[in-house]
Amino acid sequence: DESQEAAKQPPITTFENTPLSDTAHSDSRSLEQATLIEELTPAITETAVAEEDLTLMLIHAPDLPHNQQIIHLLRSTLDRIHKIFIFNKDTLGIIIFYAPLDQAMQIASSLYDEIHALLDASAKKSLGIGLTTRAGRLIPAPRMIEEASAAIGKATEEGGDPIVAFRVNPDKYRRCLARLN
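S.K.: Mind showing me how you'd approach the packing of aromatic side chains here?
M.R.: Aromatic ring pairs are described here by two measures, namely the spacing of the ring centres and the angle between the planes. This structure, assessed with the given rule, holds one aromatic pair. Taking 5.9 Å as the distance between ring centres and 50 degrees as the angle between the ring planes, the aromatic pair formed by F97 and Y98 counts as tilted. The exposure class of F97 is buried, given its relative accessible area of 7%.

Structure below.
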């Protein structure tokens, strides 16, 4: 049954699903950030209330969001609760619920291997995964995006590790907040 099959697929947020005016297309940077912030903000709150962790993972390779094989792989590999969306023309974002950093790194490692196997030789070289976790912090979505973006920047550097996590020191974070208050 087609409708039951469609119901099982996790939603993938794409800009095609967002009503767009022609002017919005020219500024896709703010649009992708807005879509991600919209998805990430309630997810951060929800996991904070449940005292669970949350991971934001960015996967980069040339034209990745248009690779149907990879999107199918992600949909079939990840639980339905996780959210997959287009971050930019070469990057997919995944919000992974209830995954602390160690678990998120394991997920990233297996996804890396599976995606790497599907890419052609030229794309394999630029495959990278960057991630960050909430790590007990109630942080704004833009900050989490910034951390994951910094990690993906390092992951896609030539000769670097292709999987990079932004590691947070929660105690240092709390001390910093205490000083601000």
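S.K.: For this particular structure, what's the right way to read the packing of helix 4 (residues 68-77) against helix 5 (residues 101-118)?
M.R.: With their axes 10 Å apart at the nearest point, helix 4 and helix 5 run at an angle of 155 degrees to one another. Here helix 4 is positioned roughly antiparallel relative to helix 5, judged by the angle of their axes. Two packed elements cross with a definite hand, and for helix 4 against helix 5 that hand is right-handed. Contact residues: Q69, I70, L73, L74 and T77 in helix 4; L111, E114, I115 and L118 in helix 5. Looking at the contact of helix 4 with helix 5, its residues break down into six nonpolar, two polar and one charged.

S.K.: Quick question: what am I supposed to make of the side chain of D53 here?
M.R.: Turning to its location among the elements, D53 is positioned in the loop between helix 3 (28-49) and strand 2 (54-60). Buried and without a salt bridge, D53 has R134 as its closest oppositely charged side chain, separated by 4.7 Å. Polar side-chain contacts of D53 include one of 3.1 Å to the backbone nitrogen of R134. Here the side chain of D53 touches A135 through a polar contact of 2.9 Å, landing on its backbone nitrogen. Ignoring anything within four residues of it in the chain, the contact list for D53 reads T47, F97, Y98, A99, P100, L101, T133, R134 and A135.

S.K.: When you look at the environment of L78 in this model, what are you seeing that I'm missing?
M.R.: With respect to the helices and strands, the residue L78 is situated in the loop between helix 4 and strand 3 (83-88). Judged by its relative accessible area of 9%, L78 is buried. Remark: the alpha-carbon pair of L78 and I96, spanning 18 residues in sequence, is separated by 8.6 Å. In this structure L78 touches I84, I94, I107 and L111, once residues within four positions along its chain are discounted.

S.K.: Even after reading the chapter, I still don't get the pairing of strand 6 (residues 163-166), so can you show me in this structure?
M.R.: Consecutive residues of a regular strand have side chains that alternate between opposite faces of the sheet. Bridge count for strand 5 (residues 128-133) against strand 6 is four bridges, and the pairing is parallel. Within strand 6, the position partnered with I129 by the bridge is I163. Handedness of the crossover joining strand 5 and strand 6 through helix 7 (residues 141-155): left-handed.

S.K.: How should I be thinking about the nonpolar core in this particular structure?
M.R.: Most often, soluble globular proteins keep nonpolar side chains buried together rather than apart. Core analysis: the largest hydrophobic core is formed by 27 residues, its most contacted members being M57, I59, L74, I94 and I115. Where this core is concerned, the elements lending two or more residues are strand 2, helix 4, strand 3, strand 4 (91-97), helix 5 and strand 5. When residues of this core are assigned to their parent elements, the largest contribution, six residues, is made by helix 5. Excluding residues within four positions of it along the chain, I94 makes contact with T55, L56, M57, I59, L74, L78, H82, K83, I84, F85 and L111. Among the nonpolar cores identified, the runner-up in size contains 17 residues, and L54, F87, I95 and A141 belong to it.

Reading guide: rules and limits
Residues numbered from 1 in each chain as written. Predicted model: local features only at pLDDT ≥ 70, side-chain atom pairs only at ≥ 80, totals over all residues. Heavy atoms only, no water. Phe/Tyr/Trp six-rings, centres within 6.5 Å; stacked < 30°, edge-to-face > 60°. Buried < 20%, exposed > 50% of the residue type's maximum accessible area, 1.4 Å probe, protein only. Axes fitted to C-alpha atoms, helices over the stretch in contact; angles between N-to-C directions. Helix = DSSP H or I, 4+ residues; strand = E, 2+ residues; numbered from the N terminus. Parallel < 35°, antiparallel > 145°, perpendicular 65-115°, else oblique. Left-handed = near helix turned anticlockwise from the far one by under 90°. Contact = heavy atoms within 4.5 Å. Nonpolar A, V, L, I, M, F, W, Y, C, P; charged D, E, K, R; others polar. Lys, Arg positive; Asp, Glu negative; His and termini not counted. Salt bridge = Lys/Arg side-chain N within 4 Å of Asp/Glu carboxyl O. Polar contact = N/O pair within 3.5 Å; in protein donor to acceptor, adjacent residues only side chain to side chain. Pairing = 2+ DSSP bridges. Right-handed = clockwise from strand over helix to strand, strands pointing away. Core = buried A, V, L, I, M, F, W, Y, C linked by side-chain atoms within 4.5 Å.

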